[in-house]
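Each chain, letter by letter, is given below.
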Amino acid sequence: MVAAEPNAGGALEFEHRPTSDQHFENALAKARDGTRLAVADAIELLTTGSDSEGIDRERKEQVLEAADYRRAERVGREVTFVANLNNNVTTACNTGCLFCNFKDRSDQFLESSDVDHGGFTKTPARSREVVADAVERGIYEVTSVSGLHPALALDAEHREVLEASERGDLNYRSPDAYETDPGTYVEQIEAMSVDGVHVHSMTPEEAEHARRGTSWSYEKVYRRLVEAGLDSAPGTAAEILVDEVRDVICPGKIDTDGWLDAMEAAASVGLDITATIMYGHVENAAHRAVHLDRVRELQDRTGAITEFIPLSFVHQNTPLYDYGLVEDGPSVHEDELMIAVSRLFFDNVDHIQASWVKYGDEQGLKLLNAGADDFMGTILSEEITKRAGGDFGEYRSFDQYVELVESIGRVPVERSTDYRTRRRIDGDPPHGPMLGPKADGTPLIE
């Protein structure tokens, strides 16, 4: 059921509204003092005062200045990045999220289909080839976030359950029906676990897909994946952790409690996790503030979140835009405030990421002076944002990183996925990774 209804002007009306009983000046004072912020404080800072329309530029700069000070106090002058590869296994997905243009309907992948859809599915063997090549080139991490292919099961035991089930609501079909068999999640993780590379995979949404039709806990799913070689879990699929927004943008997706339960389960079996927010669509500042609060509470319980990653909604080529529910994505002012307030709100998460794929170089550098301290990774391949209409590129070299970071007077640092291992990069170019299992300083990209 959709909680939001259009008003007379066609805009969505929600129960959560971007107002509070706090005042901007009080919220800013708390932020400067390092006092733990409340949801009302976050609303005031995100809106530069909920008592007036629009973003006040002078107040915005005050928030950004406070966040940059907090960043320097918490993590210093380092700007970190990781040598990594994105290996997305499949674009096949029937979830129907309105913010996404990454997926292709799974029936187009059937052996009997003659639709030319432009999507892909990789076998475990193909995933291994792709990752093995990147490991030889020096990556530290492989990140894998994929569509929910109906043939994907957790493992052989799960496939037996799904094959025997007479339920019609499990989004399952035997791999024999498809042109390409994606294997199981366990087989994909085992395939990507090459020569000690760090495997960062299995979002809460994928974990839910990997237990469908069973009474298995998320702990069982993640424990099985750890045995297969999983090293950490990405906290994507979070979007906005308020169900009245999820009911609009992704009604077929895991709900807020499910996302939180899955992430807590991943942490309970020893995995580091990350957390994201995807903002700038139908939600408002109150939803963003509540989202921050729910992630902070998760970190209070687990201590497992290594970084928080704000993801600016890219509106082109998405159903939300096609259906007229949004006209564009967030403004640059909203981007800056989202990064800054994240830094000020999270007193228990050290690292805030600015995604150059989402923001581009110029704005990304501004965000590194607005509270962010991590500049993502080399990624080598990036399909999700590109398919949604993003145009800031698919990979990044170490030389580019060093030039950009040093241009704002900061220190470029190669990091491990968990941030526990770091290498300051200095000297003359060319620069290449050194932390990966087969890295020797040779540039990833010629």
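This one's a predicted model, so the numbers in the text were calculated from it and none came from an experiment.

## Looking at the pattern of salt bridges
If you walk through the whole model with that rule in mind, you get 32 salt bridges. The partner of Asp293 in a salt bridge is Arg296, and the shortest N-O contact between them spans 3.4 Å. Residue Asp293 and its partner Arg296 are located together in helix α11 (residues 285–302), separated by three residues, close to a single helical turn. The buried category is assigned to Asp293, whose relative accessible area is 18%. Note that Arg415 and Glu307 form a salt bridge whose closest N and O atoms lie 3.5 Å from each other. Note that Arg415 is positioned in strand β12 (residues 411–415) and Glu307 in strand β9 (residues 305–312), a separation of 108 residues in sequence.

## Focus: the pairing of β9
The buried fraction of β9 amounts to eight of the eight residues, a majority that puts the element mostly inside the structure. Relative to β9, strand β8 (residues 272–279) is paired through six bridges, and the arrangement is parallel. Looking at β9, one finds that Met278 is bridged to Leu311. For the handedness criterion, the β-α-β arrangement of β8, α11 and β9 is classed as right-handed. Pairing of β9 with strand β10 (residues 351–352), which is carried by two bridges, proceeds in the parallel orientation. Residue Phe308 lies in a different strand from β10, and its bridge partner there is Ile352.

## With respect to the sheet that holds β12
In spatial order, the strands read β11-β3-β12-β13; together these four strands make up an open sheet with mixed pairing. Each edge of the open sheet is held by one strand with a lone partner, namely β11 (374–377) and β13 (422–424). Each strand axis lies, on average, 25° off the axis of its neighbour in the sheet, ignoring direction. Pairing of strand β3 (residues 78–82) with β11, which is carried by two bridges, proceeds in the parallel orientation. Paired with Val82 across the bridge in β11 is Gly377.

## Some details on the state of the cysteines
By the definition in use, this model includes zero disulfides. Residue Cys93 stays outside any disulfide, its sulfur separated by 6.5 Å from that of Cys97, the closest cysteine. Accessibility expressed as a relative area gives 12% for Cys93, which makes it buried. Here Cys250 stays unpaired: no disulfide links it, and the sulfur of Cys97, its closest cysteine neighbor, is 5.1 Å away. The exposure class of Cys250 is buried, given its relative accessible area of 2%.

## Some remarks on helix α1 (residues 24–33)
All of the buried residues along α1 are Phe24, Ala27, Leu28 and Ala31. Axial view of α1: buried residues confined to an arc of 100°, hence all on one face. Those residues of α1 that are buried are in contact with α2 (39–47), α3 (57–75) and α13 (332–345). Phi turns positive one or two residues past the end of α1, at Gly34, with a value near 85°.

## Description of the pairing of β12
The buried fraction of β12 is high, at five of five residues. The side-chain alternation of β12 yields two buried faces, one formed by Val411, Val413 and Arg415 and the other by Pro412 and Glu414. As defined by bridge partners, β3 adjoins β12 across four bridges and the pair is classed as parallel. From the neighbouring strand, Thr80 faces β12, where its bridge partner is Val413. Relative to β13, β12 runs antiparallel, the two sharing three bridges. Residue pairing for β13: Val413 is matched across the bridge by Arg424.

Here is what the cut-offs are and how they apply
- Residues numbered from 1 in each chain as written.
- Predicted model: local features only at pLDDT ≥ 70, side-chain atom pairs only at ≥ 80, totals over all residues.
- Heavy atoms only, no water.
- Salt bridge = Lys/Arg side-chain N within 4 Å of Asp/Glu carboxyl O.
- Helix = DSSP H or I, 4+ residues; strand = E, 2+ residues; numbered from the N terminus.
- Buried < 20%, exposed > 50% of the residue type's maximum accessible area, 1.4 Å probe, protein only.
- Pairing = 2+ DSSP bridges.
- Right-handed = clockwise from strand over helix to strand, strands pointing away.
- Axes fitted to C-alpha atoms, helices over the stretch in contact; angles between N-to-C directions.
- Disulfide = S-S within 2.5 Å.
- Arc of directions from axis to C-beta.
- Contact = heavy atoms within 4.5 Å.

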